[in-house]
Amino acid sequence: MSLFSYPLKFEFKVLTFAPQFSVTDSNGQEIFYVHQKLFKLKEDISVFSNKSKADLIYKIKADKWIDWSTSYVFTNVKDGNFIGRVGRKGMKSLWKATYEIFDEQNTPDFKVQEGNGFVKIMDGLIGEIPILGFFSGYIFNPQYHISNKLGEKIATFSKEPSMLGTTFKLSDVHGLSKDEELRVVLSLIMMVFLERTRG
């Protein structure tokens, strides 16, 4: 049985000083509220159970200063346990954004890769054109494929058409344990912060 009810929606709050967003399930129920601390030399993400921010459950922190190959470590706040990490593949991400997910033993577990590199290039070009760039969020929205160690696709993560480009959707994740499922979702939470300005 899945840990969450899919699809999941990752939706940014647009009128806030610090970047933050809600993750809701197919029933519209909030399962996570995510907040990024500003003015940090290293990325520092807090994952709460809801928007009240009363219950902090996970932390995501960069393992070094901002870099193409930085890894982002997941920690369970309640027991302090390391539960995995996600790393961006620097050179590969120049053409297609590519991330690798590692388990609690630091073993590569899953890969997240952008489906179409052309979308990334066109978004970068059109996004720089005055007025026209404002509409790129309706035209060039990246889609990411999540695969396991055997190369089998397990889910799709996509940016939804939007003038402000603030919503992502995760399709049904299948064939995973609950620990694996959680690692994938935490990885996508971190990836959203890194990729949200595109489209």
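Refer to the structure above for everything that follows.
Read on for an overview of the structure. The model shown is predicted, which means the values in this text are computed figures rather than measured ones.

### So, the pairing of strand β11 (residues 153-159)
Residues in a regular strand project their side chains so that they alternate between the two faces of the sheet. Most of β11 is tucked away, with six of its seven residues classed as buried. Note: strand β10 (residues 143-148) against β11, five bridges, orientation antiparallel. From the neighbouring strand, H145 faces β11, where its bridge partner is T156. Connecting β10 to the antiparallel partner β11 that follows it, the hairpin turn spans four residues, and G151 within it adopts a positive phi of roughly 85°. Note: β11 against strand β12 (residues 167-170), three bridges, orientation antiparallel. Looking at β12, one finds that F157 is bridged to L170.

### Thoughts on the environment of F10
Topologically, F10 is positioned in strand β1 (residues 8-12). Setting aside anything within four residues of it in sequence, one finds F10 in contact with F21, S22, V23, F157, T166, T167, F168, L170, V185, L188, I189 and V192.

### Describing unusual backbone geometry
Of the consecutive residues Y6 and P7, the connecting peptide bond is found in the cis state with omega at 0°. Position of P7 relative to the elements: it lies in the segment before β1. The phi torsion at K53 lies on the positive side, around 60°, for a residue other than glycine. Relative to the assigned elements, K53 resides in the loop between β4 (44-48) and β5 (56-62). Residue class for K53 comes out partly exposed when judged on its relative accessible area of 34%.

### As for the packing of aromatic side chains
Tallied over the full model, the rule gives 10 aromatic pairs. Ring plane angle 85° and centroid distance 6.4 Å describe the contact between F4 and Y6, whose orientation is recorded as edge-to-face. Comparing F4 with Y6 shows no difference in burial state: the two are buried. On the numbers, 5.8 Å between centres and 75° between planes, the contact of F4 with F32 is edge-to-face. Placement of F4 in the segment before β1 and of F32 in strand β3 (residues 30-36) is noted, with a sequence separation of 28 residues between them.

### Structural notes on the pairing of β3
Taking burial as the measure, the seven residues of β3 include six buried ones, the bulk of the element. Here β3 runs beside β4; their pairing, made up of four bridges, is antiparallel. What sits directly across from Y33, in β4, is F48.

### Examining the pattern of salt bridges
If you walk through the whole model with that rule in mind, you get four salt bridges. The salt bridge involving K59 is made with D44; its shortest N-O contact spans 2.8 Å. Of this pair, K59 sits in strand β5 while D44 sits in strand β4; the two residues are 15 residues apart in sequence, bridging distant segments of the chain. Across the pair, exposure class does not vary: K59 and D44 are buried alike.

### Focus: the nonpolar core
Side chains that are nonpolar tend, in soluble globular proteins, to be buried together. The biggest cluster of nonpolar side chains holds 44 residues, and the ones touching the most others in it are F10, F32, F157, L170 and I189. With 10 residues, the single largest contributor to this core is helix α3 (residues 178-195). If sequence neighbours within four positions are ignored, I189 has contacts with F10, F21, V23, F32, V34 and I60.

### Regarding α3
A rise of 1.5 Å per residue sets the reference length of α3, with its 18 residues, at 26 Å; its end C-alpha atoms lie 25 Å apart and thus fit the reference within 8%. Counting buried positions along α3 gives 14 out of 18 residues, so the element sits mostly inside the fold.

Thresholds, definitions, all that
Residues numbered from 1 in each chain as written. Predicted model: local features only at pLDDT ≥ 70, side-chain atom pairs only at ≥ 80, totals over all residues. Heavy atoms only, no water. Buried < 20%, exposed > 50% of the residue type's maximum accessible area, 1.4 Å probe, protein only. Helix = DSSP H or I, 4+ residues; strand = E, 2+ residues; numbered from the N terminus. Pairing = 2+ DSSP bridges. Contact = heavy atoms within 4.5 Å. Phe/Tyr/Trp six-rings, centres within 6.5 Å; stacked < 30°, edge-to-face > 60°. Salt bridge = Lys/Arg side-chain N within 4 Å of Asp/Glu carboxyl O. Core = buried A, V, L, I, M, F, W, Y, C linked by side-chain atoms within 4.5 Å. Expected span 1.5 Å × (residues − 1).

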